[in-house]
Amino acid sequence: PPRALMRDLLLLAGTAEARALAAEFAGIPEVRPLASFAGVTADPAAFSIPTRSGGFGGVEGLAAFLRTLEEPILIDATHPFARQMQLNAAEAAALTKAPRLRVLRPPWPARPSWIAVPDLQAAADALPGGARALLTTGRKDIAPFAARTDLDSTLRTIEPVPGLPPHI
């Protein structure tokens, strides 16, 4: 296609949804997609589009990167726990006036026995002593649960985490 019709697409990745989007964008000739990973996984699975790994340097760094792209589109398909990146993406898109799409997973339907909490510390505090917990927070956000030695927790991660306390 003529150069004027080409758009650069930055896909903030790290989820199954991002992988599916990458496969879709790989076949669109008017789009030059690039998937970006935070760089916390040592050996991420290959994507069907070019990739980069590592942070941008906050909002200003991401905005500067977007400014190097041609007619950029930003798609944020990061993990739901990547809150800081979600905030940075929104602010950088606003600064550069790049269109932004945030991919959201549908919430699980609440059950009567569920307790809503505002954050991970409150979740750890809400668990009764002796509870068994499945932690899907990733390795960076386990501190509130590591402090609860009275819990029996299983941590779901992509890679092994060295130095976990015996109760996780």
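Basis of the calculations
- Residues numbered from 1 in each chain as written.
- Predicted model: local features only at pLDDT ≥ 70, side-chain atom pairs only at ≥ 80, totals over all residues.
- Heavy atoms only, no water.
- Helix = DSSP H or I, 4+ residues; strand = E, 2+ residues; numbered from the N terminus.
- Buried < 20%, exposed > 50% of the residue type's maximum accessible area, 1.4 Å probe, protein only.
- Contact = heavy atoms within 4.5 Å.
- Areas by Shrake-Rupley, 256 points an atom, 1.4 Å probe, with all protein chains shown as cover.
- Lys, Arg positive; Asp, Glu negative; His and termini not counted.
- Charge placed at Lys NZ, Arg CZ, Asp CG, Glu CD.
- Arc of directions from axis to C-beta.
- Pairing = 2+ DSSP bridges.
- Axes fitted to C-alpha atoms, helices over the stretch in contact; angles between N-to-C directions.
- 1 Å grid on protein atoms, 1.4 Å probe; cavity = no way out; pocket = protein on both sides within 12 Å on 5 of 7 lines; lining within 4 Å.
- Points joined across faces, edges and corners; volume = space filled by probe spheres on them.
- Nonpolar A, V, L, I, M, F, W, Y, C, P; charged D, E, K, R; others polar.
- Salt bridge = Lys/Arg side-chain N within 4 Å of Asp/Glu carboxyl O.
- Polar contact = N/O pair within 3.5 Å; in protein donor to acceptor, adjacent residues only side chain to side chain.

Quick notes on the overall build of the chain
In step 1: Broken down by element type, the chain carries five helices and seven strands.
In step 2: Along the chain, helices (α) and strands (β) appear in the sequence β-α-β-β-α-β-α-β-α-β-α-β when read from the amino end.
In step 3: Projected onto the principal axes, the alpha-carbon positions of the chain cover approximately 65 × 30 × 30 Å.
In step 4: Sorting the 168 residues of the chain into buried and exposed places 32% on the buried side.
In step 5: In the chain, the proportion of contacts linking residues at least 24 apart, taken out of those at least 6 apart, comes to 52%.
In step 6: Roughly 10,400 Å² of accessible area belongs to the chain as shown, and the carbon and sulfur atoms make up 60% of that amount.
In step 7: Between the centroid of the 17 positive side chains of the chain and the centroid of its 16 negative side chains there is a distance of 1 Å.

Quick look at helix α1 (residues 16-25)
In step 1: Within α1, the full set of buried residues consists of A18, A22 and F25. Axial view of α1: buried residues confined to an arc of 70°, hence all on one face. Turned more than 90 degrees off the buried face of α1, the exposed positions are A16 and E24.
In step 2: Buried positions along α1 lie against β1 (7-12), β2 (31-37) and β4 (73-76).

Details of the sheet that holds β1
In step 1: Ordered in space as β3-β2-β1-β4-β5, the five strands form an open sheet in which the pairing is parallel. The strands lining the two open edges of the sheet, one partner per strand, are β3 (51-53) and β5 (100-102). For this sheet the average axis-to-axis angle between neighbouring strands, irrespective of direction, equals 20°.
In step 2: Two strands pair when backbone bridges link them, and β4 and β5 are joined in this way by three bridges, in the parallel orientation.

Comments concerning the layout of surface pockets
In step 1: There is about 1,500 Å³ of room inside the largest pocket.
In step 2: Along its surface, the largest pocket is lined by 36 residues, and F81, W108, W114, V117 and T136 are the ones closest to its centre.
In step 3: The dominant element in the lining of the largest pocket, judged by the number of residues it contributes, is strand β6 (residues 132-135), at four residues.
In step 4: Taken together, the residues that form the lining of the largest pocket break down as 23 nonpolar, six polar and seven charged.

A closer look at the pairing of β6
In step 1: Of the two faces of β6, only the one carrying A133 and L135 is buried; R132 and L134 on the other face are not.
In step 2: As paired strands, β6 and strand β7 (residues 152-155) are joined by four bridges and run parallel to one another. Directly across from L135, in β7, lies its bridge partner L155.

Section: the pattern of salt bridges
In step 1: Within the structure shown, the criterion is met by six salt bridges.
In step 2: With its nearest N and O atoms 2.9 Å apart, the salt bridge here joins E17 to R105. Here the residue E17 occupies a position in helix α1, and R105 occupies one in the loop between β5 and α4 (120-126), the gap between them amounting to 88 residues.
In step 3: Judged by its relative accessible area of 27%, E17 is partly exposed.
In step 4: Assessed through its relative accessible area of 40%, R105 is described here as partly exposed.
In step 5: Among the ionic pairs, D150 bridges to R148, the shortest N-O distance being 2.8 Å.
In step 6: Here D150 falls in the partly exposed class, since its relative accessible area comes to 37%.

Here we look at the side chain of D8
In step 1: Here D8 is to be found in strand β1.
In step 2: A polar atom in the side chain of D8 sits 2.7 Å from the side chain of R32.
In step 3: In this structure the side chain of D8 is engaged in a polar contact, spanning 2.6 Å, whose partner is the backbone nitrogen of E70.
In step 4: Each residue touching D8, except ones within four places of it in the same chain, is listed here: R32, L69, E70, E71, P72 and I73.

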